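# Geometric and topological summary
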Amino acid sequence: METINPNRFLRRCLAVALCSSLATIAHADLGSNLALSGGADGSSKGGGSSYGNVNDGDLNSYWQPSGTSGERIGVKNFDATFNTVIIRELNGATTGWRLEDHDTNEVLASGSTLGSERVISGFGDRQMYKVNLVIESANSAPQIAEFEIYNDSDGGGSSSSSSSSSSSNSSDSGGETVRYESENAVDFDGVVATNHSGYSGSGFVDLLNDSNSYIEWVVNQADSGNATLTFRYANGTTANRPMTVSVNGQVAHSSVDFEGTGGWSSWDIQTVTVNLAAGSNVIRADATVSSGGPNFDYIEVSGGDGSSSSSSSSSSSSSSSSSSSVPSDPGSPLSCQEANTVRGFASLGGGTTGGAGGDVVTVSSGTELEAALDNKGSNPLTIYVDGTITPGNSSVSKFDIKDMNDVSIIGVGNNALFDGIGIKIWRANNVIVRNVTMRYVRIGDKDHITIDGPSSNIWIDHNTFYNSLDVGKDYYDELVSGKNDIDNITVSYNILRDSWKTSLWGSSDGDDSHRRVTFWGNHWENANSRLPLFRFGEGHVINNYYDGILSTGINSRMGATIRIEGNVFENSQNPIVSFYSDEIGYWDVQDNIFSNITWEEGSGDDIIAGPNVQSTVSYTPPYSYSALPASDAKGHVLANAGAGVISNCVAP
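Residues numbered from 1 in each chain as written. Predicted model: local features only at pLDDT ≥ 70, side-chain atom pairs only at ≥ 80, totals over all residues. Heavy atoms only, no water.

Identification of the protein chain as Pectate lyase from Marinimicrobium koreense is taken from an unreviewed UniProt entry. Check the Subcellular location (unreviewed entry) section of the UniProt entry for the protein chain; it says "Secreted". Word for word, the UniProt comment on the protein chain under Sequence similarities (unreviewed entry) is "Belongs to the polysaccharide lyase 1 family." (UniProt positions renumbered as here; feature names shortened; annotations may be inferred.)

## Some points on the environment of Met558
Locating Met558 in the fold gives a position in the loop between strand 41 (554-557) and strand 42 (561-565). Classification of Met558 as buried rests on a relative accessible area of 4%. For the pair Met558 and Asp511, spaced 47 residues apart in the sequence, the C-alpha separation amounts to 9.5 Å. (Helix = DSSP H or I, 4+ residues; strand = E, 2+ residues; numbered from the N terminus. Buried < 20%, exposed > 50% of the residue type's maximum accessible area, 1.4 Å probe, protein only.)

## Structural notes on the state of the cysteines
Applying the stated criterion across every chain, the model contains one disulfide. Between the sulfur of Cys336 and that of Cys649 lies a disulfide, 2.1 Å long from S to S. An S-S torsion of about -80° defines the bridge between Cys336 and Cys649 as left-handed. Here the residue Cys336 occupies a position in helix 2 (residues 336-339), and Cys649 occupies one in the segment after helix 4 (630-640), the gap between them amounting to 313 residues. (Disulfide = S-S within 2.5 Å.)

## Overview of the pattern of salt bridges
For the structure on display, the rule yields 31 salt bridges. Its salt-bridge partner being Arg516, residue Asp103 comes within 2.7 Å of it at the nearest N-O pair. Note that Asp103 is positioned in the loop between strand 4 (94-101) and strand 5 (107-111) and Arg516 in strand 36 (residues 516-520), a separation of 413 residues in sequence. Each member of the pair, Asp103 together with Arg516, is buried. The salt bridge partner of Lys424 is Asp452, with a shortest N-O separation of 3.9 Å. Taken together, the positions of Lys424 in strand 26 (residues 422-426) and Asp452 in strand 29 (residues 449-452) put the pair 28 residues apart, joining distant regions of the chain. We classify Lys424 as buried; its relative accessible area is 7%. For Asp452, a relative accessible area of 6% gives the class buried. (Salt bridge = Lys/Arg side-chain N within 4 Å of Asp/Glu carboxyl O.)

## With respect to the layout of surface pockets
Here the second largest pocket defines a volume of roughly 720 Å³. Taken together, 33 residues line the second largest pocket, and the ones lying closest to its centre are Val186, Asp187, Asn340, Ala356 and Cys649. At three residues, strand 13 (residues 214-221) tops the list of elements feeding residues into the lining of the second largest pocket. In terms of domain composition, the lining of the second largest pocket takes at least three residues from each of domain 2 (177-302) and domain 3 (345-639). (1 Å grid on protein atoms, 1.4 Å probe; cavity = no way out; pocket = protein on both sides within 12 Å on 5 of 7 lines; lining within 4 Å. Points joined across faces, edges and corners; volume = space filled by probe spheres on them. Domains from an automatic or database assignment.)

## Comments concerning the confidence of the model for the protein chain
For the protein chain, mean pLDDT is 86; residues scoring 70 or higher make up 88% of the total. Here residues 1-28 scores under 50 on pLDDT; set against residues more than four positions off or in separate chains, the count is 48 contacts. Across residues 305-324, confidence stays below pLDDT 50; counting only partners more than four residues off in sequence or on other chains, it has 62 contacts. (pLDDT = per-residue confidence, 0-100. Contact = heavy atoms within 4.5 Å.)

## Considerations on the nonpolar core
Within the largest apolar cluster, 58 residues are counted, with the highest numbers of intra-cluster contacts made by Ile401, Ile409, Phe418, Ile423, Ile425, Ile449 and Trp505. Among all residues touching Ile425, those that are not within four sequence positions of it are Ile401, Val431, Val433, Ile449, Thr450, Ile451, Asp452, Ser455, Ile458 and Ile460. If you look at the next biggest cluster of nonpolar residues, it comprises 28 residues, including Leu34, Tyr51, Ile73 and Ile135. (Core = buried A, V, L, I, M, F, W, Y, C linked by side-chain atoms within 4.5 Å.)

## Details of helix 4
By the burial criterion, the buried members of helix 4 are Ala630, Ala633, His636, Val637 and Asn640. Along the axis of helix 4, the buried positions cluster into a sector of 100°, meaning they face one direction only. Along its buried surface, helix 4 packs onto strand 37 (523-529), strand 40 (545-549), strand 43 (568-573) and strand 46 (593-598). (Arc of directions from axis to C-beta.)

## Structural notes on the packing of aromatic side chains
Tallying each qualifying case throughout the model produces 25 aromatic pairs. Pairing Trp520 with Tyr625 gives two aromatic rings, centres 6.4 Å apart and planes at 85°, and the pair type is edge-to-face. With a gap of 105 residues between them, Trp520 in strand 36 and Tyr625 in the loop between strand 47 (607-608) and helix 4 connect regions that are remote in the sequence. Trp520 gets classed as buried once you look at its relative accessible area, which sits at 3%. By the ring-pair criterion, three or more aromatic residues cluster together here, those being Trp505, Phe519, Trp524, Phe534, Tyr546, Phe569, Phe594 and Trp599. Positioned above the aromatic ring of Tyr298 is the side chain of Arg179, whose terminal nitrogen or guanidinium carbon lies 4.0 Å from the ring centre. Note that Arg497 overlies the ring of Tyr466, its terminal NZ or CZ placed 4.0 Å from the centroid. (Phe/Tyr/Trp six-rings, centres within 6.5 Å; stacked < 30°, edge-to-face > 60°. Lys NZ or Arg CZ within 6 Å of the ring centre and 35° of its normal.)

Here it is, written out as structure tokens:
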């Protein structure tokens, strides 16, 4: 369940009233336009346009992306069931589109043109955090004036069809069908290409012509059981290109045929049946001949239940009993496959792949890092850092990953140190930072890593962050923080230590964006406060180890809802609180260990969770996962958190 923040609800109601007075269009028969009460974000925007123009009720304003394919505009946070969408395009440029659930990539409908009024229904009654319109192709950059959302009380959501050019992506074989685009696969030995027509999404994967080439997808299932995998592929040769298909490291089919399709723009499908576990599953196809594999457009998983609950759901399918990748020995390092699997919120929205499959560069100084970011083109980019980055070998006060997508910054071995300078991720999507050490940042934003919105799908993993407590509390700022409209963030297996201000999410009580962040497997040590401090939105703090909280630990504020699960708190004061807030925050506590804890009352309306720690809300994150029991969490974190642990798993 999500606890409603009454002040935020009032602001939304006021926004609806204001926007309704500006609207030049009306659909009284459909009820109110729910999009007017929500927010909007997208993949890019051209000069003079804004994401918010699609839900401002004004036909004279519009969103226009910078490209003509693979672009996205989403409407979110409208907090209601809907069954009808209306898209209003001004310039008639779109030639291919799809409507999809942001968290699961389930396609609700698809078609070719949009036109001045495209009414889309027939996908049933839905409730989700964000619904996306994906522009698959267009003659020129489209101009989307309005993205309207309705709950048609006359049954529009239950009808079998609505618009002649829209079609539901449901399966007749039982269970849900979920599509995973190959360009978003977690790993592959090849490139994302667009030089052959007929693909869906923003491209396809062209595997290398090598017997060692492969592709891996991570797919999510709510329940275990048999499922059908449908591979859409092209093989422009006349020779078969068979591949071995494995599930979670075990061979399921030793030789699956991918025969010639008559051309590289001619696509066919191949299906196999496999057994999937509940939770995350790694599907891998390995080439078995020297010519490699075919080109892959996507994989679809049908039968059973794909993991596709919306952010407002509290379904038990995401509980700790639903299996994900639990290590066989929690006190040992993760396997590379486990370490390289994105967990938590960053696994939603198509997943987080960073620069995988794109350009690669290695840098050893700040000026080289600046140049690599400045010169990024349209391809994904992986930057390996092999050296110490300092203000002295840089000409900037921070490294901006700004107005760009698909970037990874990965440390080489134990050699990547950001000494006195940090990173800002700003108006960027699909970004990864792994295996680096950062310390003593006093310039730029004074944070080691700042995430500013609109940004989504950010993975901060296996890094070490530290400052010093031998200075005043304002001498440094945060280690890792986020603010404004950000979503699908995972902060996992990091060491965060020796800090006055550690991890702030929401810059003020007025920063009311509905951010969603997972904190998984981190080691929080010898820190004063903000571990994390979390305003609004949804958080999941799972299998962390806390040692030496000096003042306050997890601080839930301004109506935030946080599940705190399977953690160990030792030698600490006030590990869970709602302090210094105009409105209290909430927590759902499950299987945590508290050892040598001091609880001290705050002032005024401040709330401490202990000593008899109880839940104040019921909340389950909208993804499948498995939590280790708290008794295993400390050893697991000590074996896995921090830079250097995964050097062999991320080596160039």
